[in-house]
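Report on the structure
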Amino acid sequence: MEGYTIIISDNMKKIIQLPEDKSKLILKGPTGSGKSTVLLERYKYMVSDLKIPSEKILILLLNRTQSLEWRTKTLLEASGAILRTSYYGFIQGEIKTYYPVLLKNCGEILNKNVKPVFLTFEAAQFLVSVVIEWRRQNQGAFEGVTSFTDRLAIDLTSNLVRAAISDIPYKEIGKRLYSALEKKDDIKKRIYEEADDILKRYRKRCMELGIFDFGMAVELYNSCLLKDESYKNQLFKRIEHLIVDNIEECVPTEVDFIKLLLPSLKTCLLGYNYEGGYGEAFGSNHEYVKKELLDKVKSVEINKTYTCKEFMTEFSDMLFDNIQYTKGEKYKIRTEIERVPPFELRSEMLENVGERIVNLIEDEGYKPSDIVVISNYADPVSEFVIARELEKRGYEIKNLTRKSRVIDNPFSQGLITLAQLCHPTYGFMPGRDDVKSLLRMVLKIDPIRSSILAGEILSQRPFAQFPDIEFPGLVERVGYYNIEKYEYIREWIREYRERDNPLKINEFFQKVFLEILISKEVSQKDILEAKKLIDSAGSFVDVVTRFNRNASRDFLDVVRKGIKSGESIFELEEKLSGNFVLLSTPVAYLASSLKSKVTIITSLSSSNWTPRSVKEITNLHVLTKTWDPKEIYTEDIEEKNQKHYLAVLMRSILKRCQDKLITFESVLSANGYENDGILADYFDEMLI
Amino acid sequence: MGLRKGQKELVQQYRGGYCAIPAIPGGGKTHCLSLWAVEMISNGLHKPGKILIVTYMNSAVNNFKQRISTELQKKGILGTKDYFVSTIHGICLQIIKEKPDLIATNEEFNVIDGVSKIHLISSAIDEWKRHNEQEFLLYLDIDGFSAQKMSNIHKNWHDRLCNIMLSAIGDFKIKGITAQRARELCKDISKDSILHWACQIYDIYDRKLKIGGFLDFDDMLFNARKMLLEDEHLLNKYQKMYSYVCEDEAQDSNYIQSEILEMISNGNLLKVGDSNQAICGSFSSSDFSLFKNFCQNPATTVYQITQSSRNTKDIIDIANYFVKYVRERHPVLECRESLLPQYIEPVDENDPRPNPEIDKFGIKAAIFESWEDEARAVVTKVVHMFKKDPQKTAAILVPSSWRMGFIINILDSMKIPYEQLENTSSEKNKTVRKLGRVIDFIALPESGAKLFDMLEECFLKDSYEENINDSESEEVKEDQKEQLRKFLKKYPIEKLIYPVGGEIDNADIPDELLKKDVWNDFLDSLHMIRELLEFPNAIVEKLILFISEKLKFDREERAIAQKVAGDVRYLMSQDPHWKLSDLALELLSPKNIFNFFSGIVWELKGYEPKPGVITLATYHKSKGLEWDIVFLTGINNEDFPASLEDKFVGEYWFLKDKFKNPQAIIKSQMNCLLNNQEFKDYSLDLKLETISERARLLYVGITRAKEYLFLSSHEQNKGKKNQVLPSKYILELKRYIEEVEN
């Protein structure tokens, strides 16, 4: 995606060049007003002109995308250690460094001799889902709940996080959610009790072992480090300057943390987009920011927008008002706002999106990187269908949302298949398709001959193995091509299987990678994939072993179930800077700092634009600091929240759109049901 | 507008309140209901809300939509914001999606399709059987059977139990009894009782359903009603959303559906139906007295439609005769009320659309020695009729879908074009089957049989004409495709697709095959076959979309392919051991999880009978349709019982006498348990209900015919335990026909 030019005004310059002491400021402005640029320039100025050591400046950013942008733009400036991280990253670092202090203050951790380990979200979900599934099958837990176990695991772990970042004791989660319910009944009461029980045990076990998920880390940091006077004092000494972008997306404990630092800071600059607040699903709380932070620091406002033209500002503000306040204002339609009439089928819509993009590039002179496609799911089918339309003309689309699974990459899949072949005791018989692909990859033989060979391998008893290829008949069919390589792998597996102890899975992957898979033809991308697989296997094994489980086996299990693959910073960089059309969910798009010339919105009439915040075992608005536990969460509140979310989301998206907005929709959804979302209705009402 | 008696009053006068339109078959219900909606909308009378039309099947939904939008367009009104046409399940889905958390689920829930539902109940019964082997065998009357026969009976009983249990679970759900409550209830009943099993199986089924994130149709109805009852906010919203609620086919409504629509309608409720066409009782706990009572309600304005121009006067006469016969002379006294005295009148002589006229008496009845004979005779007759007049439309109706198989075989072997009105029909399944054939081959590419199946489905012509006719005698002549099939079966496939050295060794190929068109077509397809094989299959959804592109799928087919692709990831996450061949297996099964979606896509086009193409359907599926020529087959005493001594669907010959009708037993026991009543044997009630409903089903069949009507039946297994005889109805109608003809 291309950048856009922000002209630094005198006013901005003043802010950038504020003195090195007693200058604390909130920089207010709408989307695209240049706040982030000012923040960046200020940082550069602090380091190069004011000569402030970089380790004295804490920079808190939202996510990796922002971090990447900062890294690229401040590359030369770095002198000492750089304290640039997300809130969670910061907490992890602090816990690691000050673990002895934490251990002193926390009685729950039994396993004191090992380093703390942090759970990824996926590992946390895996652990919780194992417990839920067992209880559902054997104890009838969550009876009456219609939902996948994985979904429940996600909601339960998120509840723990939400409670922690809102400073709500974990023991009160169920009670708080239940008492806010408009319709209470025994079934729901039991569901919340069961959820609480599972969380309690899960948390206890993790704590004992010194394994922390996001929620626990936040909780520990707040209760065991920030309450420690000596820690606090040296924290105040360590950090003299603070830069935070997008404080409107901060979670409540982060706001508290900023508040705590404020008095001792020499300078601070907080970027504040008053139009933001789309991150509530992740626990950000705009209300709390307004209440707790805005009046604590002097603020300066800049309000010229550089990312969208006047008509779009007008349009997006009007849409916001119409949704949020039901104003019913009308907007005279113009060519820059293109409303494509509904298609009957979703498939037709997707194909037409592809065609329209080609059209934009070839007839209207846009570059692929000028265009972003916003889709609520950014699912593989949307991606592939649009991609095929573009490929025909030599263009590419990349999905900003992380959706690919580990097993989607043939190279990683090859590693996994070999792991299955080498560990018969784990009981995972490799699939025929996978063995076939492996053979095609390593032996370079055609699909039919590799299929024949795969069939032979799988029919060996007692467990699949590479048979003697010289065996009459087999070699005639398969051919002599690459037979040495075959023999080499065959021997390798045989030797490995004879080992007394299997390697840890990550070590196994490393060995296989170096001894079998690596060759001249292996691409940079495949090496990267392998590295990601080895890394994530390593951290998984680290964690799960502590639960006395066979972590290597568990890892193969979760991989088969389709865990997502990690994304390296290089891949992210490529997506952000290459000449591709981007596909993204609204939130992933907003969390990046990308802008576009043409914004295409798909499935405008879908009801997915207004997701419900009340779910079977959670409610993100009730698990917040600004919720009064005595209140009932009524449908009116929910409706208001949904509309508010939609209004904020749409305004933020549109304000990043420079030239043209195109909307697409279909009468029927992917499942064949009629779409009936409210967003399309607002467009209908408004445009005349 | 060409409106007749009853229709006119509706369109011109109905502006609110309760209104009922009892209409005889062919009375133009869809037509006048659409015109009424158009009239309301074009005059703005429907405001502030919309008009809601609830009908029975997706095809009817599309039919209504098309008619209304066409009429509105004529008046210059575009857009679809003023009306909403849906099935009852569509409405329930909409209601539940508003607040899924009220019933402890979230927006991600899925509605289980018919095929998955059967899988699920079958696996629930398996699980139950593991602990209840004794009980499973308890009812079987299997003395003196061979082991082979017994295993067949076990399988048969298992399959029957699936449906029996689903129906019992449906009953529980409709009555609002949760699995938990059912579990408590069954504590007090004997372990030998089938109701006890039903409670246990319900419990297992429900757990599986919920863990799978599924709601079934009964859950949808029950929960939507529950939510509207308990949540005033939600009810208000729906009452505001819809100013008028119309229920089409109201005779097939059930209590919950009626209640939901009554609540939403807020007093403006229009019901259209024909009590004499109520045919859904035994499937969906529907109750045709609901419509009857609605008509009799003093608050209801009734406009009766009695005229029809669909059929010839002769067909009208026989339909009316049948009503009269049932009412006055039905052998079972209690069943004489099953048809109401609504007689069809032909339209006035000066009507712009008069009743059809033919120059002879177009009704025949015949009884055959066996079902095979009957089917063959029917097909021969259709062919004969088409030859005489290729512009005619025709349908063969069968009492149950399993009977279709034999007819399809005959039609296939005679290469007669036909169309099936089923979601599982081969036409609707074509896309999914093509995908299945390709994926099946990719999964096992060394198999010549799979290669040939794929070629035949996707690449080869339907038939290959021999151009050198005389050189071979008739007997030796073998179909070209058959030659190719035989060759591929034996020859190593890799040597054809990836020959060493790059060229196929022609010396290996039989000479007579080398010369044939089919061989050239095969060679032409090789390039694409290699492309398909070499496409990376790590990401299966990509592979599916690639196939769809390579095979040049059309609009509808692409929609289905995308649906399959979209579901693959979910299927794989459910079962990590899932392979390409499993996907192929699912895709190739005529009843597969994509039937429902395929049905929706194909029904968007709506169904129009095509001249010269035979429509094959069950009596049930023929509802609302019409053809020039109609064959009513299988009018025997099992499917159309007319006396208490007849055989009944639902009575199984392999069960001990006192357990013959398990469904009736469950119903009896359930009533006894829930209402604290004394045990009452429901098998008699159930029989009466079946007789009545089947009489109406035959009436529906008769009234489908515009010009020609052929009634037929057969005998089977005479004198044996499972014997089948012609129904009394066909005997009676045959007598009537002969009388009229003479």
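Residues numbered from 1 in each chain as written. Chains lettered and ligands numbered in written order. Predicted model: local features only at pLDDT ≥ 70, side-chain atom pairs only at ≥ 80, totals over all residues. Heavy atoms only, no water.

1. A few points about the confidence of the model for chain B
All names here are of chain B. Residues at a pLDDT of 70 or more form 96% of chain B, whose mean pLDDT is 89. When the criterion is pLDDT under 50, residues 470–476 qualifies, and its contacts beyond four places in sequence or with other chains add up to zero contacts. Among the prediction metrics, the complex's ipTM stands at 0.89, with pTM recorded as 0.88. (pLDDT = per-residue confidence, 0-100. Contact = heavy atoms within 4.5 Å.)

2. Quick look at the packing of aromatic side chains
As enumerated under the stated definition, the model contains 47 aromatic pairs over all chains in all. Ring centres 6.2 Å apart and planes at 80 degrees place the aromatic pair Phe90(A) and Tyr221(A) in the edge-to-face group. Taken as a pair, Phe90(A) in helix α4 (residues 87–97) and Tyr221(A) in helix α10 (residues 214–225) lie far apart in primary sequence, 131 residues in all. For Phe90(A), a relative accessible area of 4% translates into the label buried. We classify Tyr221(A) as buried; its relative accessible area is 0%. With a centroid separation of 4.7 Å and an interplanar angle of 15 degrees, the aromatic rings of Phe631(B) and Phe710(B) are classed as stacked. You can see Phe631(B) sitting in strand β15 (residues 627–632) and its partner Phe710(B) sitting in strand β16 (residues 705–714), a full 79 residues away along the chain. When its relative accessible area of 11% is taken as the criterion, Phe710(B) is described as buried. An aromatic cluster of at least three residues, connected via ring pairs, comprises Phe126(A), Trp492(A), Tyr496(A), Phe508(A), Phe509(A), Phe540(A) and Phe555(A). Positioned over the ring face of Phe320(A) is Arg651(A), at 3.7 Å from the centre of the ring. Positioned above the aromatic ring of Trp371(B), the side-chain terminus of Arg403(B) is 5.0 Å from the ring centre. (Phe/Tyr/Trp six-rings, centres within 6.5 Å; stacked < 30°, edge-to-face > 60°. Helix = DSSP H or I, 4+ residues; strand = E, 2+ residues; numbered from the N terminus. Buried < 20%, exposed > 50% of the residue type's maximum accessible area, 1.4 Å probe, protein only. Lys NZ or Arg CZ within 6 Å of the ring centre and 35° of its normal.)

3. What to know about the domain arrangement of chain B
Residue and element names in this part refer to chain B. You can read the domains of chain B as domain 1 (7–97 + 221–305), domain 2 (112–212), domain 3 (363–417 + 612–741) and domain 4 (430–596). On a C-alpha basis, the centroid separation for the pair domain 2 and domain 4 is 40 Å. Across the domain 2/domain 4 interface, buried area totals approximately 350 Å², and carbon plus sulfur atoms make up 56% of it. Among the residues domain 2 hides against domain 4, the three largest losses belong to Asp113, Val115 and Gly212. Together they make up 80% of the total. The interface formed by domain 2 and domain 4 contains zero salt bridges. Counting across the domain 2 and domain 4 interface gives zero residue pairs in polar contact (both at pLDDT 80 or more). Split by residue class, the side of domain 2 that touches domain 4 holds one nonpolar, three polar and one charged. (Domains from an automatic or database assignment. Buried area = accessible area lost by both parts, 1.4 Å probe. Salt bridge = Lys/Arg side-chain N within 4 Å of Asp/Glu carboxyl O. Polar contact = N/O pair within 3.5 Å; in protein donor to acceptor, adjacent residues only side chain to side chain. Nonpolar A, V, L, I, M, F, W, Y, C, P; charged D, E, K, R; others polar.)

4. Overview of the pairing of strand β1 (residues 18–22) of chain B
Residues and elements named next belong to chain B. Here β1 lies mainly inside the structure; five of its five residues are buried. Side chains Tyr18, Ala20 and Pro22 project from β1 onto one buried face, and the interleaved Cys19 and Ile21 project onto a second face that is buried too. Summarising the sheet, β1 and strand β8 (residues 300–302) pair through three bridges and their orientation is parallel. Across the sheet, the residue bridging to alanine 20 is valine 302, located in β8. By the bridge criterion, five bridges tie β1 to strand β7 (residues 269–273) in an arrangement that is parallel. (Pairing = 2+ DSSP bridges.)

5. A few points about the interface of chain A and chain B
Every contact between the two is made by 65 residues of chain A and, on the other side, 77 residues of chain B. Both sides of the chain A and chain B interface together cover about 6,300 Å² of buried area, and 52% of this is carbon and sulfur. The largest share of the area that chain A buries against chain B comes from Thr146(A), Phe148(A) and Ile448(A), three residues that together contribute 12% of it. Joining chain A to chain B, the criterion identifies 14 salt bridges. Across the salt bridge formed by Arg558(B) and Glu351(A), the nearest N and O atoms sit 2.6 Å from each other. Our enumeration of links across chain A and chain B arrives at 31 residue pairs in polar contact (both at pLDDT 80 or more). Grouping the constituent residues of the side of chain A that touches chain B by class yields 20 nonpolar, twelve polar and 33 charged.

6. As for the pattern of salt bridges
Tallied over the full model, the rule gives 107 salt bridges over all chains. Taking the shortest distance from any N to any O, the salt bridge between Lys44(A) and Glu41(A) comes out at 3.5 Å. Note that Lys44(A) and Glu41(A) are positioned in helix α2 (residues 35–48) at a spacing of three residues, about one turn of the helix. Judged by relative accessible area, which is 21%, Lys44(A) ranks as partly exposed. Note that Lys392(A) and Glu389(A) form a salt bridge whose closest N and O atoms lie 3.6 Å from each other. A relative accessible area of 54% places Lys392(A) in the exposed class. The exposure class of Glu389(A) is buried, given its relative accessible area of 15%. When salt bridges that share partners are traced, they join Arg339(A), Glu665(A), Asp681(A), Asp684(A) and Lys81(B) into one network.

7. Some details on the sheet that holds β1(B)
Residue and element names in this part refer to chain B. Taken in spatial order, the six strands line up as β3-β2-β6-β7-β1-β8 in an open sheet, and their pairing is parallel. Each of the sheet's edge strands pairs with one partner strand only, and the pair in question is β3 (83–87) and β8. Going across the sheet, the axis of each strand differs from the next one's by a mean of 20 degrees, ignoring polarity. Across the face of the sheet, helix α12 (residues 255–265) comes into contact with β1, β2 (50–55), β6 (242–247) and β7 while running at roughly 155 degrees to β6. (Axes fitted to C-alpha atoms, helices over the stretch in contact; angles between N-to-C directions.)

8. Here's the deal with the domain arrangement of chain A
All names here are of chain A. For chain A, the assigned domains are domain 1 (10–96 + 221–301), domain 2 (117–209), domain 3 (310–402 + 571–686) and domain 4 (407–560). Facing ten residues of domain 1, the contacting portion of domain 2 comprises seven residues. Taken together, the two surfaces of domain 1 and domain 2 that pack against each other cover about 650 Å², and 63% of this comes from carbon and sulfur. Inspection of the region where domain 1 meets domain 2 yields zero salt bridges. Our count for the contact surface shared by domain 1 and domain 2 stands at two residue pairs in polar contact (both at pLDDT 80 or more). Put simply, the parts of the chain that give the side of domain 1 that touches domain 2 at least two residues each are α4 and α12 (252–261). Tallying contributions element by element places α4 first for the side of domain 1 that touches domain 2, with four residues. Class assignment of the residues belonging to the side of domain 1 that touches domain 2 gives a composition of six nonpolar, three polar and one charged.

9. Some words on the environment of Leu421(A)
Residues and elements named next belong to chain A. Its location among the elements puts leucine 421 in helix α17 (residues 410–422). Among the residues examined, leucine 421 registers a relative accessible area of 0% and is labelled buried. Leucine 421 sits 73 residues away from arginine 494 along the chain, and the two C-alpha atoms are 9.9 Å apart. Ignoring any residue separated from it by four or fewer positions in sequence, one finds leucine 421 in contact with Pro430, Leu438, Ile457, Phe463, Ala464, Phe466, Ile493 and Arg497.

10. Focus: the environment of Ile316(B)
All names here are of chain B. Its place among the elements puts isoleucine 316 in helix α15 (residues 313–329). Put simply, isoleucine 316 and histidine 31 are 285 residues apart on the chain and 20 Å apart in space, counted from C-alpha to C-alpha. Here isoleucine 316 is in contact with Ser308, Asn311, Ile344, Glu345, Pro346 and Asn355, once residues within four sequence places are set aside.

11. Examining the packing of helix α16 (residues 380–391) of chain A against helix α24 (residues 540–550) of chain B
For the pair α16(A) and α24(B), the least separation of the axes is 10 Å and the interaxial angle reads 40 degrees. With respect to each other, α16(A) and α24(B) are oriented oblique. For α16(A) against α24(B), the interelement crossing comes out right-handed. Residue-level inspection shows Pro380(A), Val381(A), Phe384(A), Val385(A) and Arg388(A) of α16(A) in contact with α24(B), the latter providing Glu541(B), Lys542(B), Leu545(B), Phe546(B) and Glu549(B). Residues that form the contact of α16(A) with α24(B) fall into these classes: six nonpolar, no polar and four charged. (Parallel < 35°, antiparallel > 145°, perpendicular 65-115°, else oblique. Left-handed = near helix turned anticlockwise from the far one by under 90°.)

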